[in-house]
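Secondary and tertiary structure notes
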Amino acid sequence: MFTLLEINMYALQKMVTTIGIWVVLPVLVVWLVNRKRTNDTNRKAEIMLKAIEAGVAIDPNLLKENKRVRSTKEILLNRLTAAWVTTLGSIPFIAFGITMYILLEGPSESLLLISGFGGVMLAVGIAMFFVYSSGRKMFEAEIEAESKALKNKE
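Please read these numbers as outputs of a predicted model, since none were measured by experiment.

The rules behind each value
- Each chain has its residues counted from 1, running along the sequence as written.
- Side-chain atom pairs in this predicted model are given and counted only at pLDDT of 80 or more, local residue features only at pLDDT of at least 70, and totals for whole chains, interfaces and linings cover all residues.
- Hydrogens and water are ignored here; the side-chain numbers use all heavy atoms of the structure.
- For helices the rule is a DSSP run of H or I covering at least 4 residues; for strands it is a run of E covering at least 2, with both sets numbered from the N terminus onward.
- Contacts: residue pairs with any heavy atoms within 4.5 Å of one another.
- By the counting rule applied here, Lys and Arg register as positive and Asp and Glu as negative, while His and the ends of each chain are not counted.
- For the purpose of locating charges, the reference atoms are NZ of Lys, CZ of Arg, CG of Asp and CD of Glu.
- Here the expected span of a helix is defined as 1.5 Å times the quantity of residues minus one.
- Think of it this way: a Phe, Tyr or Trp ring, Trp meaning its six-membered ring, pairs with another when their centres are within 6.5 Å, and the plane angle makes it stacked under 30 degrees, edge-to-face over 60, tilted otherwise.
- Buried residues are those whose accessible area, probed at 1.4 Å on protein chains only, stays under 20% of the maximum for their type, while exposed residues exceed 50% and partly exposed ones sit between those limits.
- Only residues whose relative accessible area exceeds 30% and that form no salt bridge enter a patch; like-charged residues are grouped when within 9 Å of one another, and nonpolar side chains (Val, Leu, Ile, Met, Phe, Trp, Tyr) when within 5 Å.
- Residue exposure ignores everything except the shown protein chains as possible cover, and the areas themselves are Shrake-Rupley values with a 1.4 Å probe.
- By convention in these notes, a salt bridge is any Lys or Arg side-chain nitrogen within 4 Å of a carboxyl oxygen on Asp or Glu.
- Two axes are fitted around each residue, one to the seven residues ending there and one to the seven starting there, and the angle between them is reported as the bend at that residue.
- Here the axes come from fitting lines to C-alpha atoms, over the contacting stretch only for helices, and the angles between their N-to-C directions go from 0 to 180 degrees.
- To sort the angles, those under 35 degrees are grouped as roughly parallel, those over 145 as roughly antiparallel, those from 65 to 115 as roughly perpendicular, and the leftovers as oblique.
- Gly is placed with the polar residues, together with every amino acid not listed as nonpolar (Ala, Val, Leu, Ile, Met, Phe, Trp, Tyr, Cys and Pro) or charged (Asp, Glu, Lys and Arg).

1. Re the overall build of the protein
Per the secondary structure count, the protein includes four helices and zero strands. If you list the helices and strands of the protein from N to C, you get α-α-α-α. Based on the C-alpha atoms only, the size of the protein along its principal axes is roughly 80 × 60 × 20 Å. Contacts in the protein between residues far apart in sequence, at least 24 positions, make up 59% of those at least 6 positions apart. Averaging the positions of the 18 positive and the 14 negative side-chain charges in the protein gives two centres separated by 5 Å.

Quick look at the structure:
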């Protein structure tokens, strides 16, 4: 019969760590985000109640959430950054796999897996460079219009 006492401490520690990472951490993140939204809404409602009591005119858009609108240029620069990160992040995986393949006498599946992961990251990075360059060409007029609007705003 299986009991908790038969589990050694290493297995118990491994189970607790796994449950903590895959269950508790995501639940905690969702709870914190919802708590922040609730606190923001409550604070705005309190301000509105005090304004109503004082007889001050209230802006009806006060409770609306202000979503940040990113410009086309900012979106493209984020894609360029992601392309550089994935491309440069793939190089150590590929270099480690190739180096260990050369230094060790026989190839192993783990070295092929590491090099393959680096190759996939490299392919994703190169694809993101293509997405950036094609997006820059496609949205050139929008980027120019946004920068003119920004200059006129100043």
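2. Some points on helix α3 (residues 109-138)
The first and last C-alpha atoms of α3 sit 43 Å apart over 30 residues, in line with the 44 Å expected at 1.5 Å per residue. On the buried face of α3, the contacting elements are α2 (72-103).

3. Points about the packing of aromatic side chains
We describe a pair of aromatic rings using the distance from one ring centre to the other and the angle between the two ring planes. Counting across every chain of the model gives two aromatic pairs. For the ring pair W84 and F129, a centre distance of 5.0 Å and an interplane angle of 85 degrees mean the geometry is edge-to-face. Linking W84 in helix α2 with F129 in helix α3, this pair joins segments that are 45 residues apart in sequence. Here F129 falls in the partly exposed class, since its relative accessible area comes to 24%. Consider the rings of F93 and F117, whose centres lie 5.0 Å apart with planes at 85 degrees: the pair is edge-to-face. Here F93 is found in helix α2, whereas its partner F117 is found in helix α3, with 24 residues between them in sequence. Take F93: its relative accessible area is 33%, and that puts it in the partly exposed class.

4. Points about a nonpolar patch on the surface
A contiguous nonpolar surface patch, about 730 Å² in accessible area, is contributed by M15, I19, I21, W22, V23, V24 and V27. Positionally, V24 belongs in helix α1 (residues 9-54).

5. Observations regarding α1
Here α1 contains 46 residues, and its C-alpha end-to-end distance of 63 Å stays within 8% of the 68 Å for a straight helix at 1.5 Å per residue. At G20, α1 shows its maximal bend, which comes to roughly 40 degrees. The positive-phi residue at the C-terminal boundary of α1 is G55, with phi of around 80 degrees.

6. A closer look at the environment of A57
Examined against the element boundaries, A57 turns out to sit in the loop between α1 and α2. Of the residues examined, A57 reaches a relative accessible area of 74% and is grouped as exposed. Distance from A57 to A141, taken between C-alpha atoms, is 42 Å for residues 84 residues apart in sequence.

7. Description of the pattern of salt bridges
Under the definition given, this model contains four salt bridges. For R43, the salt bridge is made with D40, and the minimal N-O distance between the two is 2.5 Å. Of this pair, R43 and D40 both sit in helix α1, three residues apart, which is roughly one turn of the helix. One salt bridge in this structure joins E144 and K148, with 3.6 Å as the shortest N-O distance.

8. Quick word on the packing of α2 against helix α4 (residues 140-153)
The geometry of α2 relative to α4 is characterised by a closest axis approach of 8 Å and an angle of 120 degrees between their N-to-C directions. Between α2 and α4, the angle falls in the class oblique. Contact residues: α2 offers T72, K73 and L76, while α4 offers E142, I143 and E146. Broken down by class, the residue content of the contact of α2 with α4 amounts to two nonpolar, one polar and three charged.

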